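Secondary and tertiary structure notes
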Amino acid sequence: MGLSAGSESRKRHGANARTATYLFALPALLRSSFRCLDCTSTGGQSFSTFMPEIECWSGDHAPLVLYAVLNFIVYVIAVPFYLYTQLSSAGEKGRQKKAFAEAHGWITLRYK
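Residues numbered from 1 in each chain as written. Predicted model: local features only at pLDDT ≥ 70, side-chain atom pairs only at ≥ 80, totals over all residues. Heavy atoms only, no water.

With that settled, the discussion passes to the overall build of the protein. Tallying secondary structure elements over the protein gives three helices and two strands in all. Overall, the protein shows an N-to-C arrangement of helices and strands of α-β-β-α-α. For the protein, restricting intrachain contacts to residue pairs at least 6 apart in sequence, the fraction spanning at least 24 positions comes to 43%. Carbon and sulfur atoms provide 64% of the accessible area of the protein, an area that totals close to 8,200 Å². (Helix = DSSP H or I, 4+ residues; strand = E, 2+ residues; numbered from the N terminus. Contact = heavy atoms within 4.5 Å. Areas by Shrake-Rupley, 256 points an atom, 1.4 Å probe, with all protein chains shown as cover.)

It is worth spelling out the packing of aromatic side chains at this point. Considering all chains together, one arrives at one aromatic pair under this definition. With 6.2 Å between their ring centres and 70 degrees between their planes, Phe-34 and Phe-72 make a pair best called edge-to-face. Of the two residues, Phe-34 sits in helix α1 (residues 2-34) while Phe-72 sits in helix α2 (residues 62-92), which places them 38 residues apart along the sequence. Taking relative accessible area as the criterion, Phe-72 reaches 35% and is therefore assigned partly exposed. (Phe/Tyr/Trp six-rings, centres within 6.5 Å; stacked < 30°, edge-to-face > 60°. Buried < 20%, exposed > 50% of the residue type's maximum accessible area, 1.4 Å probe, protein only.)

As a further point, take the side chain of Ser-33. Locating Ser-33 in the fold gives a position in helix α1. A distance of 3.1 Å separates a polar atom in the side chain of Ser-33 from the backbone oxygen of Leu-30. Excluding its chain neighbours within four sequence positions, the residues that come into contact with Ser-33 are Tyr-67, Ala-68 and Asn-71. (Polar contact = N/O pair within 3.5 Å; in protein donor to acceptor, adjacent residues only side chain to side chain.)

Here we come to the state of the cysteines. Counted under the stated rule, the structure contains one disulfide. Covalent S-S linkage joins Cys-39 and Cys-56, the inter-sulfur distance amounting to 1.9 Å. When the S-S torsion is -105 degrees, as for the bridge of Cys-39 with Cys-56, the disulfide is left-handed. Separated by 17 residues along the polypeptide, Cys-39 in strand β1 (residues 39-42) and Cys-56 in the loop between β2 (45-48) and α2 bring together distant segments of the chain. The thiol sulfur of Cys-36 is not disulfide-bonded, and the nearest other cysteine sulfur, from Cys-39, lies at 8.9 Å. What makes Cys-36 buried here is its relative accessible area of 2%. (Disulfide = S-S within 2.5 Å.)

What follows concerns unusual backbone geometry. Of note in this structure, Trp-57 is not a glycine but carries a positive phi near 60 degrees. Within the element layout of this structure, Trp-57 appears in the loop between β2 and α2.

On the surface, Phe-34, Leu-66, Val-69, Leu-70, Phe-72, Ile-73, Val-76 and Ile-77 cluster together into a nonpolar patch covering about 640 Å² of accessible area. The element that contributes the greatest number of residues to the nonpolar patch is α2, accounting for seven residues. Looking at the element boundaries, Val-76 is found in helix α2. Judged by relative accessible area, Val-76 falls into the partly exposed class, the value being 32%. (Patch = residues over 30% accessible without salt bridge, like charges linked within 9 Å, V, L, I, M, F, W, Y side chains within 5 Å. Salt bridge = Lys/Arg side-chain N within 4 Å of Asp/Glu carboxyl O.)

For the rest of this paragraph, the subject is the confidence of the model for the protein. Mean pLDDT over the protein works out to 76, with 62% of the residues at or above the 70 mark. Model confidence for the protein, summarised as mean pLDDT per element, is weakest for helix α3 (residues 98-108) at 64 and strongest for β2 at 91. (pLDDT = per-residue confidence, 0-100.)

See the structure below:
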């Protein structure tokens, strides 16, 4: 019985660690992905400040733009939506048990 309680505790702490890591890493991920969209004008042309040999909004710049847009969709829209649906449906499906509330309560409960 002690083994399963320890295992359950590790799962809860692991979920909290993943969520906290995501929340702290998100600004750095977005900053680095959008850095490739920063352009500097020189002599009527604009070049990427991230990779100065690439002209902005040209064919060579397209993969960088796609990378930034996909990162935005995944990290700003998809992941938070997935977390929201998982956490909000947990109570509806009857999974809102003590262990779940202890692990994720800091996200789902309002501060009083």
